[in-house]
Amino acid sequence: GHEAEILYYLVPAPGDIETFLSVEQQRNVPGLLATAKGCQALMEQLFFHKAAALRPDLILLAGIYNTWSIDALADVREHLDIPIVLWAGDNPYVPYAPDIFSRAPYYDLALFGNFRFAERAADSFARTGYMPFGCDPFRDQPPAAHQDLGAYRSGLSYLGTVKDDRCAFLESVARQPFDMKIWGVGFPKDLELRFPAVHRARQPEHIQGQKKTLVYGGSSIVLNLHHTGFANMKLYEAAACGAFQISNKRLEAEATRPHLSVCDEVVTFETTAELFELTR
């Protein structure tokens, strides 16, 4: 029910430059777009001027890997006095994570997808809170009775990004007699050569949005692979569609189970042998 304007971190949205930057500032845009550093400077400039023009009640920053510099945050706080909330959708404690703690004075609230991180970071931020992933209850529902699920039916399905490390794991699963279908993006170019079983199980259709419900609704089992310790978005989406899930076990997701009743419906595994046995 809230009115929202979106600003992407990496590239300007169509019309934003002409709408929110002065004619003089617009002259510098081609030069700034020529380098990564210049592009960041442009987007931070656009961030400030869009906030100044729209004067929102709140700025919500989604994620920690693409965010604004301390100077950009300080300018908004000092000159516009708009509350800034960070939703840290990733683990800020892994060695390769960007430093969100040096920016802590500029956030009115920091939200974390794992309740333990919210508790651990409480001493660093003015306020912290727990806000996990979720789903859209109007979109993510069991398919209607009249829906033809023939093309989407399978004994075991996987839907998601498929890169090299994940392909290697899915290859071992796809070699089992599980009537498996794999839907996704990011497949290696030499997929047929290196991962023939994944190639055979791969479905040509690109599935997103509303069509996810057909895949989840047509699957006897949905394979959910958490790449982080969080309870991911698929956990909620598939559950809302009435799907049965098997997921790899992650300690943080397991610790979150008491706070998420949906997790009681998910079977977890730690080894591929255990996955094969559970699936059978």
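The next thing to look at is the sheet that holds strand 4 (residues 128-130). Strand pairs in the sheet, formed through backbone hydrogen bonds, run parallel or antiparallel to each other. Pairing within the open sheet is parallel, and its four strands lie in the order 1-2-3-4. Of all the strands in the sheet, the pair left with one neighbour each is strand 1 (59-62) and strand 4. Sheet twist, expressed as the mean angle between neighbouring strand axes with direction ignored, is 20°. With four bridges joining them, strand 2 (residues 84-88) and strand 3 (residues 109-112) adopt parallel strand pairing. Counted as the bridge partner of L86 is A110 from strand 3.

Tracing the sequence through the fold places Q25 in helix 2 (residues 23-27). Non-local contacts of Q25, meaning those with residues more than four positions away in its chain, are made with Q45 and H49.

Our next topic: the packing of helix 4 (residues 36-54) against helix 5 (residues 70-80). Direction vectors running N to C along helix 4 and helix 5 enclose 20°, while the axes themselves pass 10 Å from each other. In terms of orientation, helix 4 lies roughly parallel with respect to helix 5. Helix-helix and strand crossings are classified by hand; for helix 4 and helix 5 the assignment is right-handed. Where helix 4 approaches helix 5, its residues E44, F47, F48, A51 and A52 are matched on the opposing element by A72, D75, V76, H79 and L80.

What counts, and at which threshold
- Residues numbered from 1 in each chain as written.
- Predicted model: local features only at pLDDT ≥ 70, side-chain atom pairs only at ≥ 80, totals over all residues.
- Heavy atoms only, no water.
- Pairing = 2+ DSSP bridges.
- Helix = DSSP H or I, 4+ residues; strand = E, 2+ residues; numbered from the N terminus.
- Axes fitted to C-alpha atoms, helices over the stretch in contact; angles between N-to-C directions.
- Contact = heavy atoms within 4.5 Å.
- Parallel < 35°, antiparallel > 145°, perpendicular 65-115°, else oblique.
- Left-handed = near helix turned anticlockwise from the far one by under 90°.

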